[in-house]
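Here's the letter readout for the chains.
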Amino acid sequence: MQIIRKISRLLVLLLIWQCDTPTNVDPEFKNYFIRFYGGNGNHFAEDVLLTPAGRLIILGNVNYSPSTNRMYLIIATLEGDVIVEKPLGGINEAARDIEPVTAGPEAGNFVILSNVRKNADDSLAIRLTVINSEGDSLRSYYYNSLKSQEGFSVTPLSNGGYFIGGRTTDTDPDPSAGNVDLALIGLVDKEDELVVSVRPDFSIEYIRRIGGSTEGACIKILQGASSYYFTGYSDRLDGTEAGIASNYEHNFNFRVFTTNPASVPNTVSGTPDQPEILKSIAQSSTGTFMALGTRLTNPSRPYAALLTSTFSLIDAGILPLSAEGYEAVHVAPSGGSRFLVALNRIGAGNRSDIWVGRLTSEFVIDFQKAIGGPNTDDRVSRVMELPGGDVLVLATMDITNQRKIALIKLRPNGNF
(Lines give C-alpha, C1' and ligand atoms only; values in the text may rest on other atoms or scores of the structure.)
Protein backbone atom coordinates (compact mmCIF):
# COMPACT_ATOMS: atom_id res chain seq x y z
CA MET A 1 0.00 0.00 0.00
CA GLN A 2 2.89 2.40 0.70
CA ILE A 3 4.22 1.82 -2.82
CA ILE A 4 0.78 2.46 -4.31
CA ARG A 5 0.41 5.67 -2.29
CA LYS A 6 3.81 6.93 -3.49
CA ILE A 7 3.00 6.11 -7.09
CA SER A 8 -0.41 7.73 -6.63
CA ARG A 9 1.15 10.98 -5.44
CA LEU A 10 3.49 10.99 -8.45
CA LEU A 11 0.58 10.32 -10.79
CA VAL A 12 -1.42 13.17 -9.23
CA LEU A 13 1.44 15.57 -9.96
CA LEU A 14 1.73 14.23 -13.50
CA LEU A 15 -2.00 14.54 -14.12
CA ILE A 16 -2.14 18.10 -12.81
CA TRP A 17 0.92 19.02 -14.90
CA GLN A 18 -0.75 17.54 -17.96
CA CYS A 19 -4.16 19.14 -17.46
CA ASP A 20 -3.34 22.61 -16.06
CA THR A 21 -1.10 25.47 -17.02
CA PRO A 22 1.34 26.97 -14.46
CA THR A 23 -1.02 29.91 -13.95
CA ASN A 24 -3.89 27.84 -12.61
CA VAL A 25 -2.18 25.08 -10.62
CA ASP A 26 -2.68 25.41 -6.87
CA PRO A 27 -1.00 22.79 -4.62
CA GLU A 28 -3.85 22.88 -2.08
CA PHE A 29 -4.14 19.09 -2.21
CA LYS A 30 -6.15 18.80 0.98
CA ASN A 31 -9.15 20.47 -0.61
CA TYR A 32 -8.60 19.63 -4.30
CA PHE A 33 -7.07 16.29 -5.11
CA ILE A 34 -7.08 12.86 -6.73
CA ARG A 35 -7.37 10.02 -4.21
CA PHE A 36 -7.11 6.31 -5.03
CA TYR A 37 -8.79 3.37 -3.29
CA GLY A 38 -8.46 -0.40 -3.42
CA GLY A 39 -6.02 -3.11 -2.36
CA ASN A 40 -5.32 -6.35 -4.21
CA GLY A 41 -7.23 -6.90 -7.42
CA ASN A 42 -8.75 -4.54 -9.95
CA HIS A 43 -11.26 -2.05 -8.56
CA PHE A 44 -13.95 -0.32 -10.61
CA ALA A 45 -15.96 2.75 -9.62
CA GLU A 46 -19.76 2.77 -9.99
CA ASP A 47 -21.56 5.38 -7.88
CA VAL A 48 -21.13 7.97 -5.12
CA LEU A 49 -23.50 9.93 -2.89
CA LEU A 50 -23.24 12.52 -0.15
CA THR A 51 -24.92 11.58 3.14
CA PRO A 52 -26.80 14.06 5.38
CA ALA A 53 -23.86 13.74 7.80
CA GLY A 54 -21.47 15.08 5.17
CA ARG A 55 -19.79 11.78 4.35
CA LEU A 56 -19.25 10.21 0.94
CA ILE A 57 -20.43 6.67 0.24
CA ILE A 58 -18.52 5.31 -2.75
CA LEU A 59 -19.78 2.17 -4.45
CA GLY A 60 -17.69 0.02 -6.73
CA ASN A 61 -16.65 -3.51 -7.60
CA VAL A 62 -13.48 -5.52 -7.08
CA ASN A 63 -12.32 -8.25 -9.44
CA TYR A 64 -9.94 -10.68 -7.75
CA SER A 65 -9.88 -13.09 -10.71
CA PRO A 66 -11.90 -13.69 -13.90
CA SER A 67 -14.36 -15.78 -11.86
CA THR A 68 -14.47 -13.75 -8.64
CA ASN A 69 -16.18 -10.36 -8.43
CA ARG A 70 -17.63 -8.61 -5.38
CA MET A 71 -19.12 -5.24 -4.53
CA TYR A 72 -16.72 -2.77 -2.90
CA LEU A 73 -17.77 -0.05 -0.44
CA ILE A 74 -15.88 3.02 0.77
CA ILE A 75 -17.06 5.62 3.27
CA ALA A 76 -14.89 8.72 3.22
CA THR A 77 -14.75 12.32 4.34
CA LEU A 78 -15.10 15.18 1.88
CA GLU A 79 -11.29 15.35 1.95
CA GLY A 80 -11.15 11.76 0.72
CA ASP A 81 -9.94 10.21 3.99
CA VAL A 82 -11.17 6.66 4.45
CA ILE A 83 -13.54 5.82 7.31
CA VAL A 84 -14.66 2.40 6.04
CA GLU A 85 -13.30 0.36 3.13
CA LYS A 86 -14.39 -3.22 2.47
CA PRO A 87 -15.85 -5.74 0.01
CA LEU A 88 -19.57 -6.36 0.28
CA GLY A 89 -22.08 -9.00 -0.82
CA GLY A 90 -21.54 -12.34 -2.49
CA ILE A 91 -19.27 -13.78 -5.16
CA ASN A 92 -20.01 -12.86 -8.80
CA GLU A 93 -22.10 -9.86 -7.79
CA ALA A 94 -21.71 -6.46 -9.45
CA ALA A 95 -22.95 -3.17 -7.93
CA ARG A 96 -24.70 -0.62 -10.18
CA ASP A 97 -26.48 2.00 -8.08
CA ILE A 98 -26.84 3.32 -4.53
CA GLU A 99 -29.58 5.69 -3.35
CA PRO A 100 -30.75 7.17 -0.02
CA VAL A 101 -34.06 5.89 1.36
CA THR A 102 -36.22 8.77 2.60
CA ALA A 103 -39.52 7.03 3.44
CA GLY A 104 -40.91 3.72 4.66
CA PRO A 105 -39.40 1.17 7.05
CA GLU A 106 -35.84 1.76 5.76
CA ALA A 107 -35.89 5.57 5.93
CA GLY A 108 -32.46 6.92 6.86
CA ASN A 109 -30.67 3.92 5.35
CA PHE A 110 -29.35 3.36 1.82
CA VAL A 111 -30.30 0.82 -0.85
CA ILE A 112 -27.81 -0.76 -3.26
CA LEU A 113 -28.82 -2.31 -6.59
CA SER A 114 -26.60 -5.14 -7.81
CA ASN A 115 -26.71 -7.88 -10.43
CA VAL A 116 -25.87 -11.45 -9.46
CA ARG A 117 -24.50 -13.94 -11.98
CA LYS A 118 -26.54 -17.15 -12.13
CA ASN A 119 -25.35 -20.52 -13.43
CA ALA A 120 -25.87 -19.65 -17.08
CA ASP A 121 -23.21 -17.31 -18.47
CA ASP A 122 -25.76 -14.86 -19.85
CA SER A 123 -28.25 -15.01 -16.98
CA LEU A 124 -28.57 -12.51 -14.12
CA ALA A 125 -30.70 -11.93 -11.05
CA ILE A 126 -31.20 -8.61 -9.27
CA ARG A 127 -30.44 -7.95 -5.61
CA LEU A 128 -31.38 -5.00 -3.40
CA THR A 129 -29.21 -4.61 -0.30
CA VAL A 130 -29.98 -2.22 2.55
CA ILE A 131 -27.01 -0.71 4.40
CA ASN A 132 -26.77 1.84 7.19
CA SER A 133 -24.62 4.99 7.29
CA GLU A 134 -21.68 2.97 8.68
CA GLY A 135 -21.69 0.61 5.70
CA ASP A 136 -23.15 -2.36 7.59
CA SER A 137 -25.33 -4.67 5.48
CA LEU A 138 -28.72 -4.93 7.21
CA ARG A 139 -30.73 -7.15 4.83
CA SER A 140 -31.00 -8.06 1.15
CA TYR A 141 -33.67 -9.18 -1.31
CA TYR A 142 -33.15 -11.40 -4.36
CA TYR A 143 -35.29 -11.06 -7.52
CA ASN A 144 -35.23 -13.92 -10.00
CA SER A 145 -38.68 -14.00 -11.61
CA LEU A 146 -37.44 -14.06 -15.22
CA LYS A 147 -34.85 -16.07 -17.11
CA SER A 148 -32.57 -13.08 -16.89
CA GLN A 149 -33.08 -9.60 -15.45
CA GLU A 150 -30.44 -6.88 -15.29
CA GLY A 151 -30.96 -3.82 -13.12
CA PHE A 152 -29.53 -0.44 -14.08
CA SER A 153 -31.01 1.75 -11.33
CA VAL A 154 -33.17 1.79 -8.22
CA THR A 155 -35.47 4.68 -7.23
CA PRO A 156 -36.74 4.93 -3.63
CA LEU A 157 -40.23 6.47 -3.57
CA SER A 158 -42.08 8.78 -1.19
CA ASN A 159 -44.49 5.95 -0.28
CA GLY A 160 -41.61 3.74 0.89
CA GLY A 161 -41.61 1.60 -2.26
CA TYR A 162 -39.05 1.31 -5.05
CA PHE A 163 -38.78 1.19 -8.82
CA ILE A 164 -36.09 -0.88 -10.51
CA GLY A 165 -35.21 0.00 -14.09
CA GLY A 166 -33.29 -2.30 -16.41
CA ARG A 167 -33.67 -4.86 -19.17
CA THR A 168 -34.53 -8.52 -19.68
CA THR A 169 -33.83 -11.15 -22.30
CA ASP A 170 -37.28 -12.62 -21.58
CA THR A 171 -38.70 -10.72 -24.52
CA ASP A 172 -42.33 -9.64 -24.71
CA PRO A 173 -43.26 -8.33 -28.18
CA ASP A 174 -45.96 -5.71 -28.15
CA PRO A 175 -48.20 -6.21 -31.24
CA SER A 176 -50.82 -3.84 -29.79
CA ALA A 177 -48.51 -0.93 -30.67
CA GLY A 178 -48.73 -1.83 -34.34
CA ASN A 179 -45.21 -3.22 -34.56
CA VAL A 180 -44.23 -5.65 -37.28
CA ASP A 181 -43.30 -9.18 -36.18
CA LEU A 182 -39.52 -8.79 -35.96
CA ALA A 183 -38.87 -12.33 -37.20
CA LEU A 184 -40.70 -11.56 -40.45
CA ILE A 185 -38.12 -8.91 -41.37
CA GLY A 186 -35.08 -10.89 -40.27
CA LEU A 187 -34.55 -9.37 -36.81
CA VAL A 188 -34.17 -11.10 -33.43
CA ASP A 189 -35.95 -9.80 -30.33
CA LYS A 190 -32.96 -9.83 -27.97
CA GLU A 191 -34.11 -7.79 -24.97
CA ASP A 192 -36.85 -5.52 -23.64
CA GLU A 193 -37.08 -2.52 -21.35
CA LEU A 194 -37.87 -3.72 -17.83
CA VAL A 195 -39.64 -1.98 -14.95
CA VAL A 196 -40.10 -3.67 -11.54
CA SER A 197 -42.32 -2.09 -8.89
CA VAL A 198 -41.34 -3.09 -5.34
CA ARG A 199 -43.46 -2.53 -2.23
CA PRO A 200 -42.05 -1.03 1.01
CA ASP A 201 -41.57 -4.58 2.36
CA PHE A 202 -39.50 -5.37 -0.78
CA SER A 203 -42.06 -7.76 -2.26
CA ILE A 204 -42.77 -7.36 -5.98
CA GLU A 205 -45.90 -5.41 -6.88
CA TYR A 206 -45.53 -5.92 -10.64
CA ILE A 207 -43.06 -6.56 -13.45
CA ARG A 208 -43.54 -4.74 -16.78
CA ARG A 209 -41.72 -5.61 -19.97
CA ILE A 210 -41.99 -3.12 -22.83
CA GLY A 211 -41.48 -4.94 -26.13
CA GLY A 212 -41.58 -4.18 -29.82
CA SER A 213 -37.80 -3.72 -30.14
CA THR A 214 -34.74 -5.87 -30.75
CA GLU A 215 -32.81 -4.06 -27.99
CA GLY A 216 -33.76 -1.70 -25.19
CA ALA A 217 -33.46 -0.85 -21.50
CA CYS A 218 -35.09 1.32 -18.87
CA ILE A 219 -32.36 3.59 -17.50
CA LYS A 220 -34.18 5.33 -14.65
CA ILE A 221 -37.64 5.94 -13.17
CA LEU A 222 -38.06 9.42 -11.66
CA GLN A 223 -40.82 10.51 -9.28
CA GLY A 224 -42.85 13.64 -10.00
CA ALA A 225 -45.53 15.41 -7.96
CA SER A 226 -48.41 13.22 -9.18
CA SER A 227 -46.87 10.80 -11.69
CA TYR A 228 -43.71 8.94 -12.59
CA TYR A 229 -41.24 9.58 -15.41
CA PHE A 230 -39.87 6.64 -17.40
CA THR A 231 -36.55 7.07 -19.23
CA GLY A 232 -34.90 4.51 -21.44
CA TYR A 233 -33.84 3.65 -24.96
CA SER A 234 -34.82 1.11 -27.61
CA ASP A 235 -34.82 0.57 -31.36
CA ARG A 236 -38.62 0.29 -31.37
CA LEU A 237 -40.29 2.01 -34.33
CA ASP A 238 -41.58 5.44 -33.32
CA GLY A 239 -44.87 5.20 -35.25
CA THR A 240 -43.73 7.20 -38.30
CA GLU A 241 -41.21 4.70 -39.65
CA ALA A 242 -42.02 1.78 -41.92
CA GLY A 243 -41.60 -1.74 -40.56
CA ILE A 244 -38.30 -2.55 -42.26
CA ALA A 245 -35.10 -3.71 -40.63
CA SER A 246 -33.04 -0.62 -41.47
CA ASN A 247 -35.39 1.63 -39.47
CA TYR A 248 -34.80 -0.23 -36.20
CA GLU A 249 -32.18 2.14 -34.75
CA HIS A 250 -31.93 3.24 -31.11
CA ASN A 251 -33.58 6.36 -29.71
CA PHE A 252 -34.26 7.89 -26.29
CA ASN A 253 -37.67 7.00 -24.81
CA PHE A 254 -39.70 9.13 -22.37
CA ARG A 255 -43.05 8.22 -20.78
CA VAL A 256 -45.20 9.84 -18.09
CA PHE A 257 -47.28 7.27 -16.18
CA THR A 258 -49.14 6.62 -12.94
CA THR A 259 -49.43 2.81 -12.86
CA ASN A 260 -48.25 1.14 -16.07
CA PRO A 261 -45.45 2.67 -18.20
CA ALA A 262 -46.23 0.28 -21.06
CA SER A 263 -49.77 1.65 -21.49
CA VAL A 264 -48.95 5.31 -22.19
CA PRO A 265 -47.61 7.11 -25.29
CA ASN A 266 -43.86 7.16 -25.83
CA THR A 267 -41.99 10.39 -26.64
CA VAL A 268 -38.93 9.71 -28.78
CA SER A 269 -35.76 11.78 -29.08
CA GLY A 270 -33.21 10.84 -31.72
CA THR A 271 -32.39 11.11 -35.38
CA PRO A 272 -34.18 8.78 -37.85
CA ASP A 273 -30.99 7.30 -39.30
CA GLN A 274 -28.56 7.36 -36.33
CA PRO A 275 -28.59 5.20 -33.17
CA GLU A 276 -28.60 7.00 -29.77
CA ILE A 277 -28.25 5.11 -26.46
CA LEU A 278 -29.45 6.85 -23.27
CA LYS A 279 -27.10 6.61 -20.28
CA SER A 280 -28.22 9.14 -17.65
CA ILE A 281 -30.82 11.79 -16.79
CA ALA A 282 -30.92 14.60 -14.21
CA GLN A 283 -33.28 17.40 -13.18
CA SER A 284 -32.06 20.95 -12.55
CA SER A 285 -33.19 23.14 -9.67
CA THR A 286 -35.42 25.03 -12.13
CA GLY A 287 -37.24 21.83 -13.05
CA THR A 288 -35.86 21.10 -16.49
CA PHE A 289 -34.40 17.67 -17.28
CA MET A 290 -31.34 16.79 -19.32
CA ALA A 291 -31.02 13.29 -20.76
CA LEU A 292 -27.52 12.29 -21.87
CA GLY A 293 -26.43 9.48 -24.14
CA THR A 294 -24.13 8.39 -26.96
CA ARG A 295 -24.73 8.48 -30.70
CA LEU A 296 -23.15 5.25 -31.92
CA THR A 297 -21.39 6.61 -34.98
CA ASN A 298 -17.70 6.50 -35.89
CA PRO A 299 -16.49 8.40 -33.98
CA SER A 300 -19.16 8.21 -31.29
CA ARG A 301 -20.65 11.53 -30.14
CA PRO A 302 -22.40 12.74 -26.96
CA TYR A 303 -26.10 13.39 -27.58
CA ALA A 304 -28.39 15.25 -25.16
CA ALA A 305 -32.10 16.01 -24.91
CA LEU A 306 -33.65 18.79 -22.83
CA LEU A 307 -37.16 18.34 -21.39
CA THR A 308 -39.56 20.50 -19.41
CA SER A 309 -40.53 19.76 -15.80
CA THR A 310 -43.54 17.86 -17.20
CA PHE A 311 -41.37 15.80 -19.57
CA SER A 312 -42.16 17.57 -22.83
CA LEU A 313 -39.24 17.65 -25.26
CA ILE A 314 -37.64 21.10 -25.71
CA ASP A 315 -34.47 20.49 -27.71
CA ALA A 316 -31.97 17.78 -28.57
CA GLY A 317 -28.68 17.44 -30.38
CA ILE A 318 -24.98 16.64 -30.37
CA LEU A 319 -22.90 18.45 -27.75
CA PRO A 320 -20.46 21.01 -29.24
CA LEU A 321 -17.17 19.24 -28.50
CA SER A 322 -13.98 18.44 -30.39
CA ALA A 323 -13.80 15.82 -33.11
CA GLU A 324 -12.61 12.91 -30.92
CA GLY A 325 -14.92 10.07 -30.06
CA TYR A 326 -16.86 10.41 -26.79
CA GLU A 327 -18.85 7.98 -24.65
CA ALA A 328 -21.55 9.56 -22.49
CA VAL A 329 -21.62 8.40 -18.87
CA HIS A 330 -23.41 10.72 -16.42
CA VAL A 331 -25.25 14.03 -16.04
CA ALA A 332 -25.97 15.86 -12.76
CA PRO A 333 -27.59 19.19 -11.75
CA SER A 334 -25.33 22.20 -11.26
CA GLY A 335 -27.12 25.28 -9.97
CA GLY A 336 -29.94 27.06 -11.80
CA SER A 337 -30.61 25.45 -15.17
CA ARG A 338 -27.05 24.19 -15.68
CA PHE A 339 -25.80 20.60 -15.70
CA LEU A 340 -22.51 18.80 -15.06
CA VAL A 341 -21.63 16.25 -17.72
CA ALA A 342 -19.15 13.36 -17.48
CA LEU A 343 -17.83 11.66 -20.62
CA ASN A 344 -15.09 9.27 -21.64
CA ARG A 345 -12.97 10.80 -24.39
CA ILE A 346 -11.79 7.92 -26.57
CA GLY A 347 -8.28 8.02 -27.99
CA ALA A 348 -5.82 5.71 -29.69
CA GLY A 349 -6.16 2.01 -28.95
CA ASN A 350 -9.62 2.66 -27.49
CA ARG A 351 -7.95 4.13 -24.41
CA SER A 352 -9.93 6.81 -22.66
CA ASP A 353 -9.45 10.08 -20.80
CA ILE A 354 -11.97 11.53 -18.35
CA TRP A 355 -13.86 14.59 -19.65
CA VAL A 356 -15.93 16.72 -17.27
CA GLY A 357 -17.78 19.92 -18.14
CA ARG A 358 -20.64 22.20 -17.19
CA LEU A 359 -23.39 23.01 -19.70
CA THR A 360 -26.14 25.56 -19.80
CA SER A 361 -29.65 24.59 -20.87
CA GLU A 362 -28.69 25.92 -24.34
CA PHE A 363 -25.82 23.40 -24.51
CA VAL A 364 -23.19 26.13 -24.05
CA ILE A 365 -20.05 24.92 -22.24
CA ASP A 366 -19.19 26.87 -19.06
CA PHE A 367 -16.01 24.90 -18.40
CA GLN A 368 -14.40 21.68 -19.54
CA LYS A 369 -11.66 19.60 -17.99
CA ALA A 370 -9.75 16.56 -19.30
CA ILE A 371 -8.03 14.26 -16.81
CA GLY A 372 -5.90 11.25 -17.61
CA GLY A 373 -2.40 9.84 -17.66
CA PRO A 374 -0.34 9.19 -20.81
CA ASN A 375 -1.01 5.77 -22.36
CA THR A 376 -3.55 4.83 -19.68
CA ASP A 377 -7.22 3.93 -19.87
CA ASP A 378 -9.11 6.14 -17.39
CA ARG A 379 -12.91 6.10 -17.30
CA VAL A 380 -15.40 8.25 -15.43
CA SER A 381 -18.42 6.91 -13.51
CA ARG A 382 -20.12 9.88 -11.82
CA VAL A 383 -19.94 13.64 -11.43
CA MET A 384 -21.70 15.72 -8.78
CA GLU A 385 -21.76 19.25 -7.43
CA LEU A 386 -21.08 19.60 -3.72
CA PRO A 387 -22.59 22.27 -1.46
CA GLY A 388 -20.53 25.38 -2.11
CA GLY A 389 -20.00 24.54 -5.78
CA ASP A 390 -16.99 22.21 -5.76
CA VAL A 391 -17.12 19.43 -8.35
CA LEU A 392 -16.64 15.78 -7.35
CA VAL A 393 -15.70 13.17 -9.95
CA LEU A 394 -15.67 9.38 -9.45
CA ALA A 395 -13.63 7.33 -11.89
CA THR A 396 -11.64 4.17 -12.55
CA MET A 397 -7.98 4.85 -13.33
CA ASP A 398 -4.90 2.81 -14.26
CA ILE A 399 -2.13 2.60 -11.67
CA THR A 400 0.87 0.31 -12.21
CA ASN A 401 -1.05 -2.23 -14.31
CA GLN A 402 -4.02 -2.32 -11.96
CA ARG A 403 -7.36 -0.55 -11.96
CA LYS A 404 -8.25 1.55 -8.91
CA ILE A 405 -11.20 3.67 -7.81
CA ALA A 406 -10.32 7.36 -8.06
CA LEU A 407 -12.01 10.28 -6.29
CA ILE A 408 -11.28 13.66 -7.86
CA LYS A 409 -12.27 16.96 -6.29
CA LEU A 410 -12.16 20.14 -8.40
CA ARG A 411 -12.91 23.80 -7.84
CA PRO A 412 -16.22 25.16 -9.20
CA ASN A 413 -14.36 26.31 -12.33
CA GLY A 414 -13.00 22.81 -12.96
CA ASN A 415 -9.42 23.45 -11.83
CA PHE A 416 -7.44 21.87 -9.00
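Since this is a predicted model, take the numbers as computed values, not measurements.

Draft legend 1. Spatial organisation of the environment of Ser67. The topology assignment puts Ser67 in the loop between strand E3 (56-65) and strand E4 (68-76). For the pair formed by Ser67 and Asn92, sequence separation is 25 residues and the distance between their alpha carbons is 7.1 Å. Not counting the four nearest positions on each side in its chain, Ser67 is found in contact with Ile91 and Asn92.

Draft legend 2. Spatial organisation of the sheet that holds strand E13 (residues 204-210). If you walk across this open sheet you meet the four strands as E10-E11-E12-E13, and the pairing is antiparallel. Sheet topology places strand E10 (149-156) and E13 at the edges, where each strand pairs with a single neighbour. Pairs of neighbouring strands in the sheet enclose a mean axial angle of 20°, with direction left out of account.

Draft legend 3. Examining empty space enclosed by the protein more closely. According to the stated counting rule, one finds one cavity of 30 Å³ or more in the structure shown. Approximately 60 Å³ is the volume found for the largest cavity. Lining the largest cavity are Ile126, Tyr143, Asn144, Ser145, Leu146, Gln149, Ile164, Leu194, Val196, Ile204 and Ile207. Looking at the lining of the largest cavity, the elements with two or more residues in it are strand E12 (192-198) and E13. Its residues assigned to classes, the lining of the largest cavity shows eight nonpolar, three polar and no charged.

Draft legend 4. Structural view of the sheet that holds strand E27 (residues 391-399). A sheet is described by the order of its strands in space; here four strands give the open sequence E1-E28-E27-E26, paired in antiparallel fashion. Two strands in the sheet have a free side with no partner beyond their single neighbour: strand E1 (33-37) and strand E26 (379-385). Direction aside, the axes of adjacent strands within the sheet are offset by 25° on average. Pairing between E26 and E27: six bridges, direction antiparallel. Bridge pairing in E27 links Val380 to Ala395.

Draft legend 5. Region of interest: the side chain of Asn344. In this fold, Asn344 is placed in strand E23 (residues 339-346). The buried category is assigned to Asn344, whose relative accessible area is 3%. At 2.8 Å, the side chain of Asn344 forms a polar contact with the backbone nitrogen of Val380. With residues near it in sequence (within four places) discarded, Asn344 still touches Gly325, Tyr326, Glu327, Val329, Ser352, Asp353, Asp378, Arg379 and Val380.

Draft legend 6. Structural view of unusual backbone geometry. Residue Pro299 is reached from Asn298 by a cis peptide bond, and omega for that bond is 5°. Inspection of the secondary structure puts Pro299 in the loop between strand E19 (289-295) and strand E20 (301-307). Positive phi values are uncommon outside glycine, yet Phe311 reaches one of about 75°. For Phe311, the location among the structural elements is in the loop between E20 and strand E21 (313-318). A positive phi is found at Asn375, a non-glycine position, where the angle reads about 60°. Examined against the element boundaries, Asn375 turns out to sit in the loop between strand E25 (365-371) and E26. Judged by relative accessible area, which is 65%, Asn375 ranks as exposed.

Draft legend 7. Up close: the pairing of E4. By the criterion of burial, E4 is predominantly enclosed, with eight of the nine residues buried. Pairing of E3 with E4 involves nine bridges; the strand directions are antiparallel. Its bridge partner lying in E4, Gly60 is registered against Tyr72. Taking the residues that link successive antiparallel strands as the turn, the E3-E4 hairpin has two residues. As paired elements, E4 and strand E5 (residues 82-88) share six bridges and run antiparallel to each other. Bridge pairing in E5 places Tyr72 opposite Pro87.

Draft legend 8. Representation of the packing of aromatic side chains in the model. Tallied over the full model, the rule gives 13 aromatic pairs. With a centroid separation of 4.7 Å and an interplanar angle of 25°, the aromatic rings of Tyr162 and Phe202 are classed as stacked. Here Tyr162, found in strand E11 (residues 162-168), pairs with Phe202, found in the loop between E12 and E13; they are 40 residues apart in sequence, far enough to count as distant. Of the two residues examined, Tyr162 and Phe202, each falls in the buried class. Relative to Phe311, the ring of Tyr229 has its centre 4.5 Å away and its plane inclined at 15°; by these criteria the two rings are stacked. Remark: Phe311 occurs in the loop between E20 and E21 and Tyr229 occurs in strand E15 (residues 228-234); sequence separation between them is 82 residues. Classification of Tyr229 by relative accessible area gives buried; the value is 8%. Among the aromatic side chains, those forming a connected cluster through ring pairs are Tyr229, Phe252, Phe254, Phe289, Tyr303 and Phe311. Between Arg35 and the ring centre of Phe33, over which it is positioned, the NZ or CZ distance is 5.2 Å. Above the face of the Phe230 ring, Arg255 is positioned so that its terminal group lies 5.9 Å from the ring centre.

What counts and how
Residues numbered from 1 in each chain as written. Predicted model: local features only at pLDDT ≥ 70, side-chain atom pairs only at ≥ 80, totals over all residues. Heavy atoms only, no water. Helix = DSSP H or I, 4+ residues; strand = E, 2+ residues; numbered from the N terminus. Contact = heavy atoms within 4.5 Å. Pairing = 2+ DSSP bridges. Axes fitted to C-alpha atoms, helices over the stretch in contact; angles between N-to-C directions. 1 Å grid on protein atoms, 1.4 Å probe; cavity = no way out; pocket = protein on both sides within 12 Å on 5 of 7 lines; lining within 4 Å. Points joined across faces, edges and corners; volume = space filled by probe spheres on them. Nonpolar A, V, L, I, M, F, W, Y, C, P; charged D, E, K, R; others polar. Buried < 20%, exposed > 50% of the residue type's maximum accessible area, 1.4 Å probe, protein only. Polar contact = N/O pair within 3.5 Å; in protein donor to acceptor, adjacent residues only side chain to side chain. Phe/Tyr/Trp six-rings, centres within 6.5 Å; stacked < 30°, edge-to-face > 60°. Lys NZ or Arg CZ within 6 Å of the ring centre and 35° of its normal.

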